[in-house]
Amino acid sequence: GTNACGVETKTISIYTTPAITLTILGKDSVCKNVPSTFSVTGANTYWWSAPTGTNGPTPTFTFVSNPTITVQGWDVYGCSAPPISKTVTILTTPTVSVSGPVNSCTTGSVILNATGATTYSWSTGVSTYSAFVSPTVATIYTVTGTNTVGCKNTKTYTVTQNTGPYWIWVSP
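Residues numbered from 1 in each chain as written. Predicted model: local features only at pLDDT ≥ 70, side-chain atom pairs only at ≥ 80, totals over all residues. Heavy atoms only, no water.

1. Overview of the sheet that holds strand E14 (residues 119-122)
Under the convention used in this document: The rule for pairing is simple: two strands pair if DSSP sees at least two bridges between them. To qualify as a helix, a DSSP run of H or I must reach at least 4 residues; to qualify as a strand, a run of E must reach at least 2; elements of each kind are numbered from the N terminus. Axis definition: a line fitted to C-alpha atoms, over the contacting stretch in the case of helices. Angles run 0 to 180 degrees between N-to-C directions.
Taking strand neighbours across the sheet as the criterion, the four strands line up as E12-E17-E16-E14 in an open arrangement whose pairing is mixed. In this open sheet, the two edge strands, each paired with only one partner strand, are strand E12 (103-105) and E14. Across the sheet, the mean angle separating the axes of adjacent strands is 30° when strand polarity is ignored. One ladder, built from four bridges, connects E14 with strand E16 (residues 139-146); its direction is antiparallel. By the bridge assignment, Ser 121 is partnered in E16 with Thr 144.

This is the structure in structure tokens:
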């Protein structure tokens, strides 16, 4: 329309959207080299720029270093929220080692010993650092070690059965 002075006027409507408030959810401490899932709320679409670029509300990250994750969000109108970050503590994963013979006699048994963690769980069902095994064929044994902060690591160890030939020494 036109006002009394002959100036054309227009009515403009300005709509404001609610402020976007992002919240990162997830553990404060994660084990090194172990996938950890985080989530974010407060917007419609998301972009995670650290430690690796990905989108979506629930990414999974595997931390080796750089314990800071950063996310930015946009509402349905394309308005963005400022990026927010969360710093997590990276916990040490145990270095599990297994020692013992790699060969077993046809009727023999061997003892395998695990080190590097606080508690152990063997594929044989044993929950101690040592496992008494009697393979009848080449067998892969697995042990999972857990340290005091709850981080786990797994090691495999193969024991084969020695089928001969056998030498018998006779002394004169």
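From this point, things continue past the structure.
2. Focus on the sheet that holds strand E11 (residues 97-99)
Taken in spatial order, the three strands of this open sheet run E11-E13-E15, and their pairing is antiparallel. Sheet topology places E11 and strand E15 (130-133) at the edges, where each strand pairs with a single neighbour. Direction aside, neighbouring strands of the sheet carry axes that sit 25° apart on average. Pairing analysis gives four bridges linking strand E13 (residues 110-115) to E15, with the strands arranged antiparallel. Its bridge partner lying in E15, Val 110 is registered against Val 133.

3. Looking at the nonpolar core
Within soluble globular proteins, side chains that are nonpolar generally end up buried alongside one another. Quick note on the threshold: Throughout, nonpolar core names a set of buried Ala, Val, Leu, Ile, Met, Phe, Trp, Tyr and Cys residues whose side chains join them through atoms within 4.5 Å. Per-residue accessibility, obtained with a 1.4 Å probe over protein chains only, is compared with the maximum for each type, and a residue is labelled buried under 20%, exposed over 50%, and partly exposed between these values.
Core analysis: the biggest nonpolar cluster contains 14 residues, and Phe 38, Trp 48, Phe 63 and Ile 69 have the highest contact counts within it. Where this core is concerned, the elements lending two or more residues are strand E5 (45-50) and strand E8 (68-74). Counting residues in hydrophobic clusters, the runner-up holds 13 residues, among them Val 98, Val 110, Val 133 and Tyr 157.

4. Let's talk about the state of the cysteines
Where two cysteines share a covalent bond between their sulfur atoms, that bond is called a disulfide. For clarity, the cut-off: Pairs of cysteine sulfur atoms within 2.5 Å are what we label disulfides.
Per the stated rule, a full pass over the model turns up one disulfide. Paired through a disulfide, Cys 31 and Cys 151 show a sulfur-sulfur distance of 2.1 Å. Looking along the S-S bond of the Cys 31-Cys 151 disulfide, the torsion reads about -90°, which is the left-handed sense. Residue Cys 31 is found in strand E2 (residues 29-31), and its partner Cys 151 is found in the loop between E16 and strand E17 (152-162); the two are separated by 120 residues along the sequence. On the accessibility criterion, Cys 151 (0% relative accessible area) is buried.

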